Amino acid sequence: MVQSKIWVFAEQRNGQLAEVGIELLGKALELARPAGWKVASVLAGQSLSGPCERLLSFGADEVFVADHPLLCSYCSQSYAKVLDNLIREHHPEVFLLGATAMGSDLGARLAARLRTGLSAHCIDLELSAEKKLLSVVPGWGGNVLARIYSPFTKPQMATVMPGVFDMPREGNGRGRVIPLDVHLTPADVTYQVLEINRRAVKENGLEKAEVVIAGGAGIGSKVDWQLVEGLSSALKGAVGGTRPPVDENWAKEDQMIGQSGRTIHPKLYIGVGISGQMHHMVGIKGADLIVAINQDPQAPIFELCDLGLVGDFKEILPLLIRAIQDYKA
Amino acid sequence: MDFKLTEREELLRKTVREFAEKEITPRMDVMEETGEFPVDLLRKMGDMGILGVITPPEYGGTGMGNLARIIVLEEMGRVCPAIPMAIQVHHMATHALSKFGNEEQKKKYLPPLAKGETMGVVAVTDPSGGSDVAGIKTSAKLEGDHYILNGRKCFITNSHFSDFWVVIARTGEGGRGLSAFIVEKNFPGAKPGRKENKVGLRGANTGELVFQNCPVPKANLLGHEGEGMNIAITNIAETGRPGMASVALGILNAVLEQAVKFANERALYGKPINTLQAIQWHIAEIFSDLEIARLLVYRVGWMRDNNIRCDIESALAKQYACEAAARSARKAIEVHGSYGIMKEYPVQRLLRDALVTIPAGGTGEIAKLVMARHALNMFK
Amino acid sequence: MQILVCLKPVPDPKHWSRLGLDPKTKTLIRDGIPNIINPLDKKALEAALQLREKEGGEVITLSMAPPSALSVLREGLAMGADRSILLSDAAFAGSDALATSYIMATAIKKMAHYDLILCGDQTLDGGTSLVSAQIAEFLGIPNLMHVSAIETQGSGAFHIRSQIEHGSMVVEVMPPVVLSVVKEINEPRYITLMDILKAEKKEIEIWSSRDLSLDEPWVGLKGSPSQMVDLLIPEGKRKMEILKGDPPEMAGTLADRLHRLGYC
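All figures in this text were calculated on a predicted structure; none of them were measured in a lab.

Caption draft 1: Quick peek at the interface of chain A and chain C. Taken residue by residue, the interface counts 81 residues in chain A and 71 residues in chain C. Summed over both partners, the interface of chain A with chain C buries about 6,600 Å², with 62% contributed by carbon and sulfur atoms. Joining chain A to chain C, the criterion identifies five salt bridges. R161(C) is the salt-bridge partner of E195(A), the closest N and O atoms lying 3.8 Å from each other. Linking chain A to chain C there are 30 residue pairs in polar contact (both at pLDDT 80 or more). A class-by-class count of the residues in the side of chain A that touches chain C yields 43 nonpolar, 18 polar and 20 charged. In terms of strand pairing, strand 13 (residues 191–198) of chain A meets strand 11 (residues 167–173) of chain C through seven bridges, oriented antiparallel. Across the sheet, V193(A) pairs through a bridge with V171(C), a residue of strand 11 of chain C.

Written out as structure tokens, the structure is:
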């Protein structure tokens, strides 16, 4: 008998599991244990034994596997049909997916098929005392946070942004695999994937850059400025600076960010040796994630950042660059 | 009295604002450096309908009217006042031709202006002085089928980017001895002369036109002989002054925006300076200048669209708006403290732009004479 | 080609600092904030207009909104749409994405024929990205999201480029299909003064619940399974999380976070 009450969609393409499916598995296990619930991962595709093993090693109590040639490539209608049948058979309480290209699409169609509520792009999940799923969802460009639940319909669905939850630890998987009978015909696959292209990430100007690494007076010398450029290079970002680096000719005029310079809205901003004076911070206040690295724990930037590292950039940056390059390898 | 804008006017404002922000902003630095109008924008503005906003539909325009024109100029002026300076003069040529031209002249000269094939020019000012129209010396002597033009026009906007010009020249004696002509650049003896180097509104070209025994066909006489003074004055009152006032409105918008942004961000004594009363007063004064100028200028647009004579209101709007723009730009510079006098901040350019609007399109002194004459006759 | 474009009016982000929160009803106070066309919907409309220029046909915009949306619809007509339909009824108020998709799909079913339904991937305010896929589900037709290019083929099929993580895929699909677009797809055209005048002569139809055969329980607040527990405007303060450890530990932690967010 199927026991799991929280199900997590284990997104995969060509046998590669998306990390968000594992992150959500971890979170689901964390939510389920106090409620006395079990957790299942749901896999759909073709030739799935590898991903299946991995999911078990991350602690899934059950892994549903829909392995079928017609599922070899993602198609929203065929995947939704298979999952719909499965859900109607076993009535899980909660169904989670990553808020990815695939997860957003599949989750939406599935929620409509099941006529259930879905909280999209969640940045947090909780289980209420009544064991109802509470989702925290940003709206209005992040200016507003809403806590949403769908208490009257099942399953309660949510899609969650990748990277919100930490990866769980691997262990000795003791869960069981439940292979599924898949009933699909070619007519269920309503589009054909002709090609897949991987994008090469380009270096952009400051205004369009998604990643900006900026250095301030604290860098101290042109030689040390190379560390700033090195970090930017490693993250395929653009280099910016406050006024002193420009005055000292470590950075160019058009790289200056601040009140008399430019205002930018990158996804990631890392400020190195920047104290956090108003005119610079105003230039970057639209950044999604602000990381600060500075030796002075009293530097104003630490009250204006998301992540702060108090220390000598000359020590931190080389280690950081090396670690980043290791991930890329 | 309905002070609301229509849905059409709101949509117009929105689309011109978007166009200006996207198309004009990237060209501003080069314009400020070189003083040159970005001619490649002319066609785009033609396609947008900006150039033909007061051109009747049968000659390629939309005929949306004068209030629409003011909104168009204001929105472009918010981004870069030099552009509407050039365009408002372009509209002046359109107005002179629509109002005083015969059918052949309108059919020939209005469509290229509406489309943006060339820029429009109205050349009144002689070296003898723009305020002294009756003192014009540029002469036009009838010889056979042609008027022979001799003389110079100065401080003419768009002088170097236009294929034809509306020129006021002397055919007889005194104030009633002036006539208007459509002079094409390719007529022998007609050419643009020196280019001026203005301290502000630098993207609008201003220069000289020179005529040396230039033969102008009789068919190019605009209106009748002797109508020149009337054409010049009507043109200024109905189109020139509201146009310059709209440029000043654009400057006022930009000035307020710069002052407010700076006041909200700059900190002194641990707080943003917008908490300081002295700064708040500056902001309030700039705000009230903008609101007052806007009401005065929009009223002229409304009166024109309703065919109500508005020489006085037009003089008032122009004189007030341009003074207000200069005054407010000066205050905005003070709000900025020392940053205000640095070239990398736009406020100093806005002050220079505002200064240029004061004598352009008629001096404040002449406008005050117009108003005084009217007021002194009010209580008889 | 018959193309429907879903347009949603959203409050202008330039005025979002004026958003207030009513502590009693836990709803946002949106009074006085002017509306614009959701930017991605505008791009969807631009894509439709470009297709009509190539293939001929009609572009119709569809919106579910209160009557104040009329000015936004007029803007869509000024961009070049042929006509607009506004679904407006007090009964629709409070609809979440599911109920909204149901209502819009029901309206679309009334159209004799459609080849394409275009939407933006996401709206600026709610941002759920659910509606396009859910409309497709209610209509029983295929859908693709994150669309960055649309090409017609002689065979009548479409070749659609759809973004995935770190890349994109090209998909062949037969109409009718629902496509939701991303910002890379195009730059919308300017509305000219001539377009504004033309738009004033175009038709906006208003349909209410009487014009649609809807199942009552699935509409409005009643038909919205998702409910709000709480709404808050965060202080705008950043997380201010200070990492612990010596430089190697801090560097390792930061690198790990950056990796999981997809930066390396």
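Caption draft 2: View of empty space enclosed by the protein. For the coordinates displayed, the defined rule picks out three cavities of 30 Å³ or more. Each pocket or cavity is described by its volume, and for the largest cavity that value is around 70 Å³. As for the largest cavity, its lining consists of R13(A), Y74(A), A101(A), M102(A), D105(A), Y191(A), L144(C), M145(C), H146(C), S162(C), I164(C) and M169(C). Broken down by secondary-structure element, the contributors of at least two residues to the lining of the largest cavity are helix 4 (101–114) of chain A together with strand 9 (143–152) and strand 10 (158–164) of chain C. For the lining of the largest cavity, the per-class residue count stands at eight nonpolar, two polar and two charged. Lining the second largest cavity, in full, are L11(B), K14(B), T15(B), E18(B), K42(C), E75(C), R189(C) and I191(C). Considering only residue class, the lining of the second largest cavity consists of two nonpolar, one polar and five charged.

Caption draft 3: Region of interest: the interface of chain B and chain C. The interface is formed by 20 residues belonging to chain B together with 17 residues belonging to chain C. Taken over both partners, the interface formed by chain B and chain C buries close to 1,600 Å², and the fraction arising from carbon and sulfur atoms is 62%. The largest share of the area that chain B buries against chain C comes from E7(B), L11(B) and M48(B), three residues that together contribute 31% of it. Linking chain B with chain C are four salt bridges, by the criterion used here. The shortest N-O distance in the salt bridge between E18(B) and K42(C) comes to 3.4 Å. Run the count over chain B and chain C and you get seven residue pairs in polar contact (both at pLDDT 80 or more). Every element with two or more residues in the side of chain B that touches chain C is listed here: helix 1 (7–24) and helix 3 (40–48) of chain B. The greatest single-element share of the side of chain B that touches chain C, amounting to eleven residues, is contributed by helix 1 of chain B. The residue makeup of the side of chain B that touches chain C, split by class, is nine nonpolar, four polar and seven charged.

Caption draft 4: Structural detail: the packing of helix 7 (residues 228–265) of chain B against helix 10 (residues 347–357) of chain B. Residues and elements named next belong to chain B. In contact at an axis separation of 10 Å, helix 7 and helix 10 are set at 160° when each is read in the N-to-C sense. Relative to helix 10, helix 7 is oriented roughly antiparallel. Considering how the two elements wind past one another, helix 7 and helix 10 form a crossing that is left-handed. Taken together, the residues of helix 10 that come into contact with helix 7 (itself represented by M244, V247, I251, A254, V255 and Q258) are V347, L350, D353, A354 and T357. Of the residues assigned to the contact of helix 7 with helix 10, the class counts are eight nonpolar, two polar and one charged.

Caption draft 5: Representation of the sheet that holds strand 12 (residues 177–181) of chain C. Strand order in the open sheet formed by ten strands is 13(A)-11(C)-10(C)-9(C)-12(C)-8(C)-1(C)-6(C)-7(C)-13(C), and the pairing between neighbours is mixed. Of all the strands in the sheet, the pair left with one neighbour each is strand 13 of chain A together with strand 13 (204–207) of chain C. Recorded for the sheet is a direction-independent mean angle of 30° between the axes of neighbouring strands. Bridging between strand 10 of chain C and strand 11 of chain C involves seven bridges; their strand directions are antiparallel. Within strand 11 of chain C, the residue paired with S162(C) across the bridge is M169(C).

Caption draft 6: The nonpolar core, seen in detail. One finds F95(A), M45(B), M76(B), I83(B), I87(B), L118(C) and I150(C) to be the most contacted residues of the largest nonpolar core, which totals 156 residues. Broken down by element, this core gets its largest block of residues, 13 residues, from helix 7 of chain B. If near-sequence neighbours (up to four positions away) are discounted, F95(A) is found in contact with W7(A), F9(A), V42(A), L83(A), I87(A), L110(A), P155(A), Q156(A), M157(A) and A158(A). Core analysis: the next-biggest nonpolar cluster, separate from the first, contains 38 residues, L24(A), V39(A), L43(A) and L28(C) among them.

Caption draft 7: Molecular detail of the packing of aromatic side chains. Counting across every chain of the model gives 13 aromatic pairs over all chains. Seen in terms of ring centroids, W7(A) and F64(A) are 4.6 Å apart; in terms of plane orientation they differ by 50°. Their pairing is tilted. Remark: F64(A) occurs in strand 5 (residues 62–67) and W7(A) occurs in strand 1 (residues 4–9); sequence separation between them is 57 residues. Residue F64(A) is classed as buried on the basis of its relative accessible area, which comes to 0%. Ring geometry for Y102(C) versus W218(C): centroids 5.5 Å apart, planes at 80°, classification edge-to-face. Of this pair, Y102(C) sits in helix 3 (residues 97–109) while W218(C) sits in the loop between strand 13 and strand 14 (227–232), placing them 116 residues apart in sequence. When the ring centre of W218(C) is taken as reference, the NZ or CZ atom of R115(A) above it lies at 3.1 Å. Over the ring of Y320(B) we find R327(B), and its NZ or CZ is 5.5 Å from the ring centre.

Conventions we followed
Numbers given for residues are sequential positions, taken from 1 along each chain in its written order. For this description, chains carry letters from A and ligands carry numbers from 1, given in the order in which they are written. Only residues with pLDDT of 70 or above have their local features reported here, since the model is predicted, and side-chain atom pairs are shown and tallied only from 80 upward, although totals for entire chains, interfaces and linings are computed over all residues. Working from all heavy atoms in the structure, the side-chain values ignore hydrogens and water. Any two residues having at least one pair of non-hydrogen atoms within 4.5 Å are treated as being in contact. What gets called buried area is simply the loss in accessible area from a 1.4 Å probe that two parts show on being joined, summed for both. Any carboxyl oxygen of Asp or Glu that lies within 4 Å of a side-chain nitrogen of Lys or Arg is treated as forming a salt bridge with it. N or O atoms within 3.5 Å of each other form a polar contact, as long as, within protein, one can give a hydrogen and the other can take it, and as long as residues adjacent in sequence are counted only when both atoms are side-chain atoms. Residue type decides the class: Asp, Glu, Lys and Arg count as charged, Ala, Val, Leu, Ile, Met, Phe, Trp, Tyr, Cys and Pro as nonpolar, and the leftover types, Gly among them, as polar. Should DSSP find at least two bridges between two strands, the strands are regarded as paired. The numbering of helices and of strands both runs from the N terminus, where a helix is a DSSP run of H or I of at least 4 residues and a strand a run of E of at least 2. Detection works on a 1 Å grid of protein atoms alone, calling trapped sets that fit a 1.4 Å probe cavities and calling open sets with protein on both sides within 12 Å along at least five of seven lines pockets, with lining residues defined by an atom within 4 Å of a point. Grid points are joined across faces, edges and corners, and a volume is the space filled by probe spheres set on the points. Note on geometry: axes are C-alpha line fits, over the in-contact stretch for helices, and angles between N-to-C directions span 0 to 180 degrees. For classification purposes, angles smaller than 35 degrees are called roughly parallel, those larger than 145 roughly antiparallel, those between 65 and 115 roughly perpendicular, and all remaining angles oblique. Crossing handedness: left-handed means the near helix sits turned counterclockwise from the far one by under a right angle, and right-handed means the same turn made clockwise. Among the buried residues, those of types Ala, Val, Leu, Ile, Met, Phe, Trp, Tyr and Cys that are joined through side-chain atoms within 4.5 Å form a nonpolar core. Relative accessibility decides the category of a residue: with a 1.4 Å probe and only protein chains considered, values under 20% of the type maximum give buried, values over 50% give exposed, and everything between is partly exposed. Pairing of aromatic side chains requires ring centres within 6.5 Å, counting the rings of Phe and Tyr and the six-membered ring of Trp. Pairs whose planes differ by under 30 degrees are stacked, by over 60 edge-to-face, and all others tilted. Sitting over a ring, as applied to charges here, requires NZ of Lys or CZ of Arg to be within 6 Å of the ring centre and within 35 degrees of the ring normal.

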